[in-house]
Amino acid sequence: MIPAARPLIGAEERAAVDRVLAGGNLAQGPEVAAFEAEFAEAVGARHCVAVNSGTSALLLALVACGIGPGDEVIVPSFTFAATANAVALTGAQPVFADIEPAHFCLDPDAVAAAVTPRTAAIMPVHLYGHPAAMDPLVAIAQRHGLILVEDAAQAHLAGYGGRTVGTFGHAAAFSFYPTKNMTSGEGGMVVCADGDVARRVRLLRNQGMEQRYANEVVGWNMRMTDLHAAIGRVQLTRLPGWTERRRHNAAVLSAALGGLPGVTVPAVAPQAEPVWHQYTVRVAGRDAVQRHLAEAGVGSGVYYPTPVHRLASFGLSFDLPQTTAACDSVLSLPVHPDLTDTDLRAVADAVAGAVTGAVAR
Ligand SMILES: *Cc1c(COP(=O)(O)O)cnc(C)c1O
């Protein structure tokens, strides 16, 4: 079986965890501080604050930027539920806007149309590791005086116009969940440009304390442990090589699948340098194709089958035709850095067999 995703943990990660266990400082400490500095260097960010998940990073980024009850935040509905959950958990209202069909990210025209007097922020998602259209989104945010928070959970080291994502907005959130392009086990990182925002994130992740027992605000415990940071630091050193390999794998898949009937291979926007968290095609008869792939020993995934606004947790009604169409047609194929060229050939052959079969049915 060729898995759809696979976390790559090696001897270096195990040695790093061992070193922390031997040192005895298990909670947030010097490994977390070093991870923050190294991540800031890697993405070209001024401030990084490590937390216990990508969802925590989104939530603290929003709260530290002043988002709360009475505010509206424009988000895509074609994303993982954490994007909108983080908005709702601040007490603000998520307002769902449609996506551009070619790149699956927020459509700037739809965002502009969704702005109201209560809009306080825009939160684009760099879905599948493909950057959202940051130039027009930054322009909309500036025109209306809105906060811009990037959900970069799937887009470590992705570029847009020569700049790394996570550095366009007031703040950004990365995730280190095991299936992401790099992992710390669980974990997240808030990236921000402004020192005051960074300080508020540091307070909010640790009960509102900078000095012990001198709590300044009401906060959470969303700290990252030194065990997780030690894993993340090793993974960060491997990320550039893994990203190269994902790009190679995506190019091989697109060359092999480009001409198949009923298959649309992923497009890349002119300024975009995606990092292929997912390699996602649109395919006619998607569910039958996915079953055929499973029978051929090729794992695949549907990210995401249901628009977030329609989930029971939100139950809202928005008219988002591009989002609905994407939910019904997307299929993500294996693209992770552990695939060999033989694996890629097997994936392409299985897709070719599946679409021929699906057309015949
Ligand atoms: C994974 C993910 C998150 C949440 O990250 P966790 O570390 O799982 O909390 C948020 N947004 C998107 C788009 C994601 O893919």
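Residues numbered from 1 in each chain as written. Predicted model: local features only at pLDDT ≥ 70, side-chain atom pairs only at ≥ 80, totals over all residues. Heavy atoms only, no water.

A few words now on the domain arrangement of the protein. In terms of domain boundaries, the protein breaks down into domain 1 (11–97 + 104–234) and domain 2 (240–356). A C-alpha centroid distance of 25 Å is found between domain 1 and domain 2. At the junction of the two partners, domain 1 supplies 32 residues and domain 2 supplies 33 residues. Buried area between domain 1 and domain 2, summed over both chains or domains, comes out near 2600 Å², and the portion from carbon and sulfur atoms is 64%. (Domains from an automatic or database assignment. Contact = heavy atoms within 4.5 Å. Buried area = accessible area lost by both parts, 1.4 Å probe.)

For the rest of this paragraph, the subject is the side chain of R205. Relative to the helices and strands, R205 is located in helix 7 (residues 195–205). A distance of 3.0 Å separates polar atoms of two side chains, one belonging to R205 and the other to E36. (Helix = DSSP H or I, 4+ residues; strand = E, 2+ residues; numbered from the N terminus. Polar contact = N/O pair within 3.5 Å; in protein donor to acceptor, adjacent residues only side chain to side chain.)

The next point concerns empty space enclosed by the protein. Under the criterion given, the structure shown has two cavities of 30 Å³ or more. Approximately 140 Å³ is the volume attributed to the largest cavity. Looking at side-chain class alone, the lining of the largest cavity contains nine nonpolar, seven polar and three charged residues. For the lining of the largest cavity, the domains that each give at least three residues are domain 1 (11–97 + 104–234) and domain 2 (240–356). Empty space within the second largest cavity amounts to approximately 90 Å³. (1 Å grid on protein atoms, 1.4 Å probe; cavity = no way out; pocket = protein on both sides within 12 Å on 5 of 7 lines; lining within 4 Å. Points joined across faces, edges and corners; volume = space filled by probe spheres on them. Nonpolar A, V, L, I, M, F, W, Y, C, P; charged D, E, K, R; others polar.)

Let us look at the packing of aromatic side chains. One pass over the full model with this rule turns up 14 aromatic pairs. Relative to Y279, the ring of W276 has its centre 5.7 Å away and its plane inclined at 35°; by these criteria the two rings are tilted. Comparing W276 with Y279, the two get one shared label, buried. Put simply, the rings of F78, F80, F104, Y128, Y303 and Y304 pair up and form one aromatic cluster. (Phe/Tyr/Trp six-rings, centres within 6.5 Å; stacked < 30°, edge-to-face > 60°. Buried < 20%, exposed > 50% of the residue type's maximum accessible area, 1.4 Å probe, protein only.)

Its boundaries defined by the atoms lining it, the largest pocket holds a volume of some 240 Å³. Lining the largest pocket are 19 residues, and of these T55, F80, A82, S175 and K180 lie nearest its centre. Counting residues per element, the ones that place at least two in the lining of the largest pocket are helix 3 (54–64), helix 4 (82–89) and strand 8 (171–175). Residue composition of the lining of the largest pocket, by class: eight nonpolar, eight polar and three charged.

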